[in-house]
Amino acid sequence: MAQLLSFRVYLSAETQKASPESFKRTQKTRKPFTPGPVTPVRKPQNLNLEVSPHRAVSAVRLMRIEFGGAFADLLNEKGKGSGSNEMSYVERTIGFRTRDLDDRDLRLVTDVVGGTIRWRRYLDHLIGSLCHNERTFRNMEPLLLQILRIGFYEIIKLDMPAYAVVDENVRLAKIALRPGAGDLVNGILRKLVSLKEKDALPLPKVEGDDRAQARALATLHSHPVWMVRRWVKYLGLDEATKLMTWNNTDPGFSLRANMGRGITRADLVERLNSLKVPHELSLHLEDFVRIKTGLQMVVQAGLLKEGICSVQDESAGLVVSVVKPQPGDRILDACAAPGGKTLFMASCLKHQGMIYAMDVNEGRLRILGETAKSHQVNGLITTIHSDLRVFAETKEVQYDKVLLDAPCSGLGVLSKRADLRWNRKLEDMEELTNLQDELLDSASKLVKPGGFLIYSTCSIDPEENQGRVEAFLLRHPEFSVDPVDRLVPSSFVTLQGFFLSNPVKHSLDGAFAARLVRAL
């Protein structure tokens, strides 16, 4: 693990920034869902070969995600091994193990878990509609609900053979819970199959006042109502609908060739060809390659562990283009972990200069430092464990460039962070914008005269993006906008001279960056 860019969550290179809670003086930690103490895997005592392995693992993993104890992926540095860990959770939760997960099972778990989380609101609407009454749905035990969600997702979104889905999920409910639970699953799934065949699913119509339309859209596209209303306000109904459709598609990924080790994109392409991983060259960045499938093969082949490449969205790479690291620069990455941009910036220095990687999370900084070794840029990165606000108050030091990749809502990366839409609340937005203002004020103190402050997020929300920059400029007239039109392709440049990647327009994660220059 230490040799990777925290690939425990394979999206985390650019989508797992520190949360607002990380910056609080007194932290509160949410107790994860753990059915029992983590112990070494022993020879299974309760092996059940009748139950579908991917469904058992998916149901337990969905429970762990919903209760805060897991992420929506299964990949680790080898692409394997996590299956046995998952099976130990299954045994502790439902009392038995199935056969071990093979590669196909792992892919199915990733697909089913991610899809079920994305479509949770939509699935729950249908499940509730087909229950005898609302009370049956509201009082449903967690494991039974997850089994039904899996069955509904497999039938509606994956178009799996209905007879197999019904049979396998009924068996899981009977063995993991009780015969009556299996009977309930059988009845509800058969209702669903009948309605689907008649094209008569009980779905809401988009009609009525704005609130009613927002609720219907939120159900049809499976997003929180507050997000729908916010996007309709800022984007209009048509663009908001396109954005939700994008968020519900299977995400593609980008790989960055590690030029810090002398690895060119051509070298990376050669390795991908040898693995038979389909890919396309990035249209925007010379070191990047896009892949839609085959990420697990890349991991298993050791390309990440060896430091050949990193998983990094092109939108994050374009933020580094806005920073424009130059040999000899002293750059502060003020909220650095997990470190994707830090590593990319270090590789741009051509062995001259220094990236100072600061973060409040010491463990993630340690992983970043160890990853830098495999990328052969560790001599260009100095880690600093500190809260930016405390550091700015107590240190008299200034940098050529300061990158503030701020904690944000993550509303630009919902296609990859399947669970994030359900973990964000409207009230979070005010807390986040207040934190972003504080961090911007602190970061500004560390920019030398004539130096640059780059503010970035992985959000598409105007209040987090240009709203924060405009408010900052009112408080700090010594800074002005340095337009990014000479640094990134023109399609990414806003009227104000900022960088903005639009998921629908650019087929990338949503991201924002403003480049501000401090007066001499």
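Residues numbered from 1 in each chain as written. Predicted model: local features only at pLDDT ≥ 70, side-chain atom pairs only at ≥ 80, totals over all residues. Heavy atoms only, no water.

- Under the annotation held in an unreviewed UniProt entry, the chain carries the name SAM-dependent MTase RsmB/NOP-type domain-containing protein and is attributed to Brassica napus.
- The UniProt entry for the chain carries the following text under Sequence similarities (unreviewed entry): "Belongs to the class I-like SAM-binding methyltransferase superfamily. RsmB/NOP family." (UniProt positions renumbered as here; feature names shortened; annotations may be inferred.)

## Here's the deal with the nonpolar core
Within soluble globular proteins, side chains that are nonpolar tend to cluster in buried spots.
Logical step 1: In terms of nonpolar packing, the biggest core is built from 54 residues, with Ile94, Leu148, Phe152, Leu172 and Val185 touching the most fellow members.
Logical step 2: Of all the secondary-structure elements, those providing two or more residues to this core are α2 (53–66), α3 (82–94), α4 (103–118), α5 (120–130), α7 (142–156), α8 (162–176) and α9 (179–197).
Logical step 3: Counting residues per element, this core draws most heavily on α7, at 10 residues.
Logical step 4: The residues contacting Val185, other than those within four sequence positions of it, are Leu144, Ile147, Leu148, Asn169, Val170 and Ala173.
Logical step 5: By size, the runner-up hydrophobic cluster in this structure holds 34 residues, among which are Leu403, Ile454, Phe492 and Ala511. (Core = buried A, V, L, I, M, F, W, Y, C linked by side-chain atoms within 4.5 Å. Buried < 20%, exposed > 50% of the residue type's maximum accessible area, 1.4 Å probe, protein only. Helix = DSSP H or I, 4+ residues; strand = E, 2+ residues; numbered from the N terminus. Contact = heavy atoms within 4.5 Å.)

## Side note on the UniProt feature "binding site: S-adenosyl-L-methionine" (unreviewed entry) in the chain
Logical step 1: The positions UniProt marks with the feature "binding site: S-adenosyl-L-methionine" (unreviewed entry) are Cys335, Ala336, Ala337, Pro338, Gly339, Gly340, Lys341, Asp359, Asp387 and Asp405.
Logical step 2: Relative to the helices and strands, Cys335 resides in the loop between β5 (330–333) and α16 (340–348).
Logical step 3: Since its relative accessible area comes to 2%, Cys335 is described here as buried.
Logical step 4: Following the sequence through the fold, Gly339 ends up in the loop between β5 and α16.

## So, the side chain of Asp400
Logical step 1: For Asp400, the location among the structural elements is in strand β8 (residues 399–405).
Logical step 2: Residue Asp400 is classed as buried on the basis of its relative accessible area, which comes to 17%.
Logical step 3: Polar contacts involving the side chain of Asp400 include one to the main-chain amide nitrogen of Arg330, which spans 2.7 Å.
Logical step 4: With residues near it in sequence (within four places) discarded, Asp400 still touches Gly328, Asp329, Arg330, Lys448, Gly451 and Phe452. (Polar contact = N/O pair within 3.5 Å; in protein donor to acceptor, adjacent residues only side chain to side chain.)

## Overview of the sheet that holds strand β1 (residues 253–257)
Logical step 1: Spatially, the four strands line up as an open sheet ordered β2-β3-β1-β4, and their pairing is antiparallel. The two strands at the open ends of the sheet, each matched to only one other strand, are β2 (280–281) and β4 (309–311). (Pairing = 2+ DSSP bridges.)

## Concerning the pairing of strand β6 (residues 354–359)
Logical step 1: Summarising burial for β6: six of the six residues are buried, a large majority.
Logical step 2: On β6, burial covers both faces: Met354, Tyr356 and Met358 on one face and Ile355, Ala357 and Asp359 on the other are all buried.
Logical step 3: As judged from the four bridges shared by β5 and β6, these two strands associate in the parallel manner. Across the sheet, residue Leu332 finds its bridge partner in β6, namely Tyr356.
Logical step 4: As defined by bridge partners, β6 adjoins strand β7 (residues 381–385) across five bridges and the pair is classed as parallel. Opposite Ile355, over in β7, you have Ile381 as the bridge partner.
Logical step 5: For the crossover from β6 across helix α17 (residues 362–374) to β7, the handedness is right-handed. (Right-handed = clockwise from strand over helix to strand, strands pointing away.)

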